[in-house]
Amino acid sequence: MSKLKLVAENSLRDLAHSDGRISLLTQTLLLAFLLTLTLTSGSIQTYLRTNLDQMLGSDMVIESHTPLTDSQIETLQGMAAGTSRTVLTNITLTSGTNWERAQLKIVDSNYPLQGTLQIGQAPSAQQRPVQRGPSEGEIWLDSRLATKLRLKVGDRLNLGEIDLLVAAILFHEPDRILEGHSVAKRAMVHRASLDAVSLDTAKSRTRFLIAADETAQGAIEDWAKKALPAATLTKKYGGQHPLAGFWTRTENFLGLASVILFFLGAVALDMTNRRWLAKMRYRLAIYASFGTSNRTGMLIALGEWLIGFLACVAIACSLAAIAFGLIIQDLQGYFPGLEVGWDSLAALKTIGLVFVLMLTLQLPSFIQLTRASLLSLIRSTSEGNYVWSRLAMGLISVAILAIAYSDNWLLTGMTLTAITIAITVMIILTWAVIRLGDRWGRGKAGLLPFAFFIMRQRLFAKSAQIMGLGLCGLLLLFTLMSMRDFRAMMEGYGRTHDGNLMISEAQENQIEAIHTWAKTTNSSVRSLRPYVSAQLISVNGKSLADYMQKPSDTLATLKDPIRLSWSDTLPANNRLAGGKWWQPEPENWQQISTEPEVMTDMGLRYGDTLTYDISGEAYEFTLVASHAFKPGGGSITFWFQVPATARPHIDAPTRYMGSMELPERAWVALSQLWQQHPTLSLVPLKELTDRFDQTLGIVTKITSGYAGMILILALFVLAASISGFSADDRQKNGLLMSMGLRKSDCLRLNFYDWGLTAFIAAAGAIIGTWMSGELMYQSQFGLTYDPDVLWLISTLLIMIGLVCFVGFAACRHALNSSVRDLLAE
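Quick look at the structure, then. (Residues numbered from 1 in each chain as written. Predicted model: local features only at pLDDT ≥ 70, side-chain atom pairs only at ≥ 80, totals over all residues. Heavy atoms only, no water.)

Side note on the overall build of the protein
Here is the rule we go by: What counts as a helix is a DSSP run of H or I of at least four residues, what counts as a strand is a run of E of at least two, and both are numbered from the N terminus. Only protein chains enter the accessibility calculation, which uses a 1.4 Å probe. A residue is then buried if its area is under 20% of the maximum for its type, exposed if over 50%, and partly exposed in between. Contact criterion: two residues are considered in contact whenever any of their non-hydrogen atoms come within 4.5 Å of each other. For every accessible area listed, the method is Shrake-Rupley and the probe measures 1.4 Å; residues are considered covered only by the protein chains on display.
Counting its regular elements, the protein contains 22 helices and 22 strands. Going through the 825 residues of the protein one by one, you find that 53% of them count as buried. In the protein, once contacts between residues fewer than 6 apart in sequence are set aside, the share between residues at least 24 apart is 82%. A total of about 37400 Å² of accessible surface is found on the protein, and carbon and sulfur atoms cover 59% of it.

Structural data, given as structure tokens:
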């Protein structure tokens, strides 16, 4: 018989057994998930690149949060064939008692530089193209904003002290792509209409749409890097779409979520490997008895495993292709023109990654096979010799996957730490309960003491079984509970400490008006914290783009201006997380503190030099400390803080962030405050919770699908735990019945076995969930994790009942064994 034929026949024979099918399905599910994610992300990125080429509205765009000087504008216009300057600012528009936050675009007479605007006379009217924006004295509103303010074309709108005519409904802007995934309501006005009013805010952005040939674009790009270090440059050809980084981070998040799925898969594969390993030891011993060398036998074993993996690849690619097509079809409603594009290179890389992960998991089994001999036919290798190596390889595989996808090392570390803590808790519980139960049962008669004795003899195998079931419960519990608990905790905390209205930005000349309005309406100002708008432009002399190139949420935030506050003492709602807080020293003011998550994500260390652009001037600070949020003093905190002695050296307007408590009748009077100060940014707590509800709705859909995959893998683990130990159970039951025990006694003994297994696994899952929640909530939000205890206990009972039922059903099948069957085995 040829070796290849032998490998093929053995592989097919393995798939005919339940443990082989479970192993194949587990690998297929994990690979199909990652392949679908890779292919979908690749198609979206390709679409965004094409979309950028067609919808930028110019050849290139320079965006800056600091207005350019007259000399810089003159230089830029001298190098470009044409320019158009626009300014975007967030304001509140009012009409009677109606009000709405909007993004106001202030344009010049050259706008749009390329393409056309689409406008109409009513939200449902036919659209028509125009080559120029609004004239002086006019304002255009998008359909949602006009409907919210109950305005129509021909009505008048007051913007501060300026009266404007609503001249059109705005439908489309040729440079709309620059807004990325923003869903803000929009308005447009000519810059000449606002000569008498200032609408500057901390988040105002100045854009220059530029028409230039390839040579001029290169010159402008070189000039901008030196003259405008805080500016962002986007090119039509070869540039990065504003959404590209967002979708990369989305891919990383979903890829990181697969760490949990992979961990479950690893547990299922480890359990099925027990039976595979027993069969392979038997085969290798047979080969050795025929004179086959150990090396040849190992190659045959490796070939059988490779055939199984190739079968997994074939099935996974088919499933991924179907899922990929369905997802793209659904996304076409959000991305018109999005097409299915099979990226073979990306798919091969993903398959290669999964191959390395699976091989890492299989490595302890291959090492164990090298010790197979003729004696292994009658003497099996001790389980305890390799259980720790299998556990270590499982953790290494998960770490490899996390490294491949993580863009938030703090959360990744906490996820892996939480899983490690849960495993440790379950190991301690298993060993403590079984050993104490065995000690208690010594010298006692009955089935329960005997059950403890048997579990004590199979301690390592039982530990693996309990860890598998416990991890299923842990991951399923934490996935389903965390978002619900988090929303309830955050809403209650915010309402208690921050009132019902957030002041997200108030200028210094607006503070008096806020206090006057609060006194008139019997409202109270709960807190006001000062800050300046600052943009991080370099770390240790390297530009932010050169210093950190891997996309992350932290990096995306730091590319825009952040709030930089100051305090000589540690604020009441902060605690020192590391480093040393400064002492008030007027000459030593260039010090800064940041949050630990920022340090982790950006790779910052104490002693690093951070350079900020503040109102067009560069300021350097040395990182000396890190601070974390602490509950009890309000939830308003800042990513970066400097000494109070630094404020006199910074030439920039002071802005304020804070909170208020409004009585019910004061809400209708808010429009009066906004009519006087349209740039004042106030956000009701209800609006924040509504935004969270919308996010929660999206997350719930993702979580439900994700929990479904966890549930499927959990069933695989449960099936693997039965299949992997079925031979042991048959032998145990055959021996017990040969000693005179009835089937009912064996069923009771099995019930004790599975009941204890389920209890320890469920208890470990609940303790692990509690500790994981406490770890993440305390680290991220400074809150105490307070889950629903009744829900947890109900889950514990359901899990115990389910595992006992499945184990009882499996035991009835195993009771068909007899002494004759045992001798035959």
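More follows now that the structure is in view.
With respect to the nonpolar core
Formally: For our purposes a nonpolar core is just a set of buried Ala, Val, Leu, Ile, Met, Phe, Trp, Tyr and Cys residues, chained together by side-chain atoms within 4.5 Å. The domain boundaries here were taken from an automatic or database domain assignment.
In this structure, Leu31, Met358, Leu369 and Leu471 are the most contacted members of the largest nonpolar core, which totals 69 residues. Ranked by the residues each element gives to this core, the list is headed by helix H6 (residues 244-289), at 13 residues. Looking at which domains feed residues into this core, each of domain 1 (1-56 + 245-407) and domain 3 (417-500 + 685-825) supplies at least three. Those residues within four positions of Leu369 in sequence are excluded, and the remaining contacts are Trp276, Leu277, Met280, Arg281, Leu284, Asn294, Met298 and Ala301.

Some details on the environment of Leu31
Tracing the backbone through its elements, the reader meets Leu31 in helix H2 (residues 18-55). The class for Leu31 is buried, based on a relative accessible area of 0%. A sequence separation of 319 residues divides Leu31 from Thr350, and the C-alpha atoms of the two residues are 8.0 Å apart. Not counting residues within four places of it along the chain, the set of residues in contact with Leu31 comprises Cys312, Val313, Ala316, Thr350, Ile351 and Val354.

Some remarks on the side chain of Thr679
Counting through the fold element by element, Thr679 comes out in the loop between helix H17 (670-676) and strand S22 (681-684). In contact with Thr679, not counting residues within four places along its chain, are Asn90, Ile91, Arg101, Ser198, Leu199, Asp200, Thr201, Glu505, Gln507 and Gln510.

Some thoughts on unusual backbone geometry
Backbone torsion omega between Tyr111 and Pro112 reads -5 degrees, so that peptide bond is classified as cis. With respect to the secondary-structure elements, Pro112 resides in the loop between strand S3 (98-107) and strand S4 (117-120). Here the phi dihedral of Arg150 falls at roughly 60 degrees; this positive angle occurs in a residue that is not glycine. With respect to the secondary-structure elements, Arg150 resides in the loop between helix H4 (143-149) and strand S7 (156-159). You can call Arg150 exposed: its relative accessible area is 69%. A positive phi is found at Asn522, a non-glycine position, where the angle reads about 60 degrees. Among the secondary structure elements, Asn522 is positioned in the loop between helix H13 (511-520) and strand S13 (524-539). What makes Asn522 exposed here is its relative accessible area of 54%.

With respect to the environment of Asp195
Considering the arrangement of structural elements, one finds Asp195 in the loop between strand S9 (186-190) and strand S10 (205-211). Taking the C-alpha atoms as reference points, Asp195 and Ile162, 33 residues apart in sequence, are found 9.6 Å from one another.

As for the environment of Gly341
With respect to the helices, strands and loops of the structure, Gly341 is situated in the loop between helix H7 (294-331) and helix H8 (344-369). Overall, Gly341 belongs to the partly exposed group, its relative accessible area being 32%. The spacing of Gly341 and Gly42 is 299 residues in sequence and 7.8 Å in space, taken between C-alpha atoms. If sequence neighbours within four positions are ignored, Gly341 has contacts with Ser43 and Phe324.

Considering the packing of aromatic side chains
We apply this condition: The rule is short: rings of Phe, Tyr and Trp, with Trp giving its six-membered ring, pair when the centres are within 6.5 Å, and they are stacked under 30 degrees, edge-to-face over 60, tilted in between. Sitting over a ring, as applied to charges here, requires NZ of Lys or CZ of Arg to be within 6 Å of the ring centre and within 35 degrees of the ring normal.
Under the counting rule described, the total for this entry stands at 13 aromatic pairs. Seen in terms of ring centroids, Trp305 and Phe309 are 6.0 Å apart; in terms of plane orientation they differ by 15 degrees. Their pairing is stacked. Separated by four residues within a single helix, Trp305 and Phe309 lie in helix H7, roughly one turn from each other. Exposure class is identical for Trp305 and Phe309. Each is buried. Relative to Phe621, the ring of Trp589 lies with its centre 6.0 Å away and its plane at 80 degrees, an arrangement referred to as edge-to-face. With a gap of 32 residues between them, Trp589 in the loop between strand S16 (574-579) and strand S17 (591-594) and Phe621 in strand S19 (residues 617-629) connect regions that are remote in the sequence. Both residues of the pair, Trp589 and Phe621, count as buried. An aromatic cluster is defined as three or more aromatic residues linked by ring pairs; in this entry it consists of Trp305, Phe309, Phe355 and Phe366. Here the basic side chain of Arg563 rests over the ring of Tyr531, its NZ or CZ set 5.4 Å away from the ring centre.

Here's the deal with the packing of helix H3 (residues 70-79) against helix H5 (residues 214-227)
Where we set the bar: Inter-axis angles, ranging from 0 to 180 degrees, are taken between N-to-C directions of lines fitted to C-alpha atoms, where helices are fitted over the stretch in contact. Note that the term roughly parallel is reserved for angles under 35 degrees, roughly antiparallel for angles over 145, roughly perpendicular for angles of 65 to 115, and oblique for everything else. Crossing handedness follows the turn of the near helix against the far one: under a right angle anticlockwise gives a left-handed crossing, and clockwise gives a right-handed one. Each residue is assigned to one class: nonpolar for Ala, Val, Leu, Ile, Met, Phe, Trp, Tyr, Cys and Pro, charged for Asp, Glu, Lys and Arg, and polar for all the others, Gly among them.
Taken N-terminus to C-terminus, the directions of H3 and H5 make an angle of 165 degrees; their axes are 10 Å apart at the nearest point. On the basis of the axis angle, H3 is roughly antiparallel to H5. By crossing handedness, the relation of H3 to H5 is classed as right-handed. For the pair H3 and H5, the contacting residues are Gln72, Thr75, Leu76 and Met79 in the first and Ala216, Ala219, Ile220, Trp223 and Ala227 in the second. A breakdown of the residues in the contact of H3 with H5 according to their chemical character gives seven nonpolar, two polar and no charged.

A closer look at the pattern of salt bridges
Side chains that differ in charge, positive against negative, can pair when their charged atoms come close. For clarity, the cut-off: Any Lys or Arg side-chain nitrogen located within 4 Å of an Asp or Glu carboxyl oxygen qualifies as a salt bridge.
Counted according to the given criterion, the structure contains 13 salt bridges. For the salt bridge of Lys185 with Glu100, the shortest nitrogen-to-oxygen distance reads 3.4 Å. One end of the pair, Lys185, is in the loop between strand S8 (162-172) and S9; the other, Glu100, is in strand S3, with 85 residues separating them in the sequence. Measuring nitrogen to oxygen at the nearest pair gives 2.6 Å for the salt bridge that ties Lys105 to Glu173. Placement of the pair is Lys105 in strand S3 and Glu173 in the loop between S8 and S9, with a sequence separation of 68 residues. On the accessibility criterion, Lys105 (4% relative accessible area) is buried. You can call Glu173 buried: its relative accessible area is 4%. Taken together, the shared-partner salt bridges connect Lys105, Asp142, Arg144, Glu173 and Arg186 into one network.

So far we have only geometry, and geometry alone does not tell us how the molecule works.
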